[in-house]
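Spelled out from the first residue to the last, the chains are:
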Amino acid sequence: MISLTSYAFVSMMLFSIGVIGVIARRNIFVIYMSLELMLNGVNLFLVTFARYHFNMDPQIITIMVISIAAAEAAIFLSVIILLYRSRKSLDTDIFNTLTQGENS
């Protein structure tokens, strides 16, 4: 049987890899995948402690987070496509200004 500590360690490693990916990378698609990895790390942590304490509430929250992440994936991927079409790159250094027109 796998212990609670093992699951907690794996979830912390997933979350840590996600944080490092968000901080260190410049590609917006890799940043998005790192955010998803962080969400999955938190979900694993919630399910682990729900199973340990025989409580279903964190598992319900996990299912809600997964459904919100699915909706977020559709929206974020469409934004990535629009940004790529407008700037022809996914490098985050290009997206540092929020100008509306070329004169701004």
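From a predicted model like this one, the values you see are computed outputs, not experimental measurements.

## Some details on the UniProt feature "transmembrane region" (unreviewed entry) in the protein chain
UniProt marks residues 6–25, 37–54 and 60–84 with the feature "transmembrane region" (unreviewed entry), using the numbering shown here. Secondary structure over residues 6–25 splits into 95% helix and 0% strand, and the C-alpha atoms at its two ends are 28 Å apart. Helix makes up 94% of residues 37–54 and strand makes up 0%, while its end C-alpha atoms are separated by 25 Å.

## Brief notes about the side chain of Thr48
Within the element layout of this structure, Thr48 appears in helix H2 (residues 28–53). Thr48 sits in the buried class, given a relative accessible area of 7%. Discounting chain neighbours no more than four positions away, the residues touching Thr48 are Leu4 and Tyr7.

## Section: the layout of surface pockets
The space that makes up the largest pocket amounts to roughly 210 Å³. Lining of the largest pocket is provided by Met1, Ile2, Ser3, Leu4, Tyr7, Thr48, Arg51, Tyr52 and Phe54. Counting residues per element, the ones that place at least two in the lining of the largest pocket are helix H1 (4–24) and H2. With 3 residues, H2 is the single largest residue contributor to the lining of the largest pocket.

## Remarks on the environment of Phe29
With respect to the helices and strands, the residue Phe29 is situated in helix H2. When its relative accessible area of 35% is taken as the criterion, Phe29 is described as partly exposed. Considered as a pair, Phe29 and Thr92 are 63 residues apart in the sequence and their alpha carbons are 9.7 Å apart. Those residues within four positions of Phe29 in sequence are excluded, and the remaining contacts are Leu77, Ile80 and Leu90.

## Considering a nonpolar patch on the surface
Together, Phe9, Val10, Met12, Met13, Ile17 and Phe45 make up a nonpolar patch on the protein surface, roughly 560 Å² of accessible area in all. If you tally residues by element for the nonpolar patch, the top one is H1, at 5 residues. In this structure, Met12 sits in helix H1.

## Quick word on the packing of H2 against helix H3 (residues 57–87)
Helix-helix packing: each pair is described by the crossing angle between the helix axes and the interaxial distance. In the contact formed by H2 and H3, the axes pass within 10 Å of each other and the chain directions differ by 175°. When the axis of H2 is compared with that of H3, the two are roughly antiparallel. Each residue belonging to the contact of H2 with H3 can be placed in one class, and the counts come to 17 nonpolar, 3 polar and 3 charged.

## Topic: the packing of aromatic side chains
Each pair of aromatic rings is reported with the distance of its centres and the angle of its planes. The tally for this structure, following the rule as stated, stands at 3 aromatic pairs. Seen from their ring centres, Tyr32 and Phe76 are 4.7 Å apart, and the 20° between their planes marks the pair as stacked. In this pair, Tyr32 sits in helix H2 while Phe76 sits in helix H3, placing the two residues 44 residues apart along the sequence. Note on Tyr32: relative accessible area 7%, which makes it buried. Through a chain of ring-to-ring contacts, three or more aromatic side chains come together here, namely Phe29, Tyr32 and Phe76.

Reading the values: rules and limits
- Residues numbered from 1 in each chain as written.
- Predicted model: local features only at pLDDT ≥ 70, side-chain atom pairs only at ≥ 80, totals over all residues.
- Heavy atoms only, no water.
- UniProt positions renumbered as here; feature names shortened; annotations may be inferred.
- Helix = DSSP H or I, 4+ residues; strand = E, 2+ residues; numbered from the N terminus.
- Buried < 20%, exposed > 50% of the residue type's maximum accessible area, 1.4 Å probe, protein only.
- Contact = heavy atoms within 4.5 Å.
- 1 Å grid on protein atoms, 1.4 Å probe; cavity = no way out; pocket = protein on both sides within 12 Å on 5 of 7 lines; lining within 4 Å.
- Points joined across faces, edges and corners; volume = space filled by probe spheres on them.
- Patch = residues over 30% accessible without salt bridge, like charges linked within 9 Å, V, L, I, M, F, W, Y side chains within 5 Å.
- Areas by Shrake-Rupley, 256 points an atom, 1.4 Å probe, with all protein chains shown as cover.
- Salt bridge = Lys/Arg side-chain N within 4 Å of Asp/Glu carboxyl O.
- Axes fitted to C-alpha atoms, helices over the stretch in contact; angles between N-to-C directions.
- Parallel < 35°, antiparallel > 145°, perpendicular 65-115°, else oblique.
- Nonpolar A, V, L, I, M, F, W, Y, C, P; charged D, E, K, R; others polar.
- Phe/Tyr/Trp six-rings, centres within 6.5 Å; stacked < 30°, edge-to-face > 60°.

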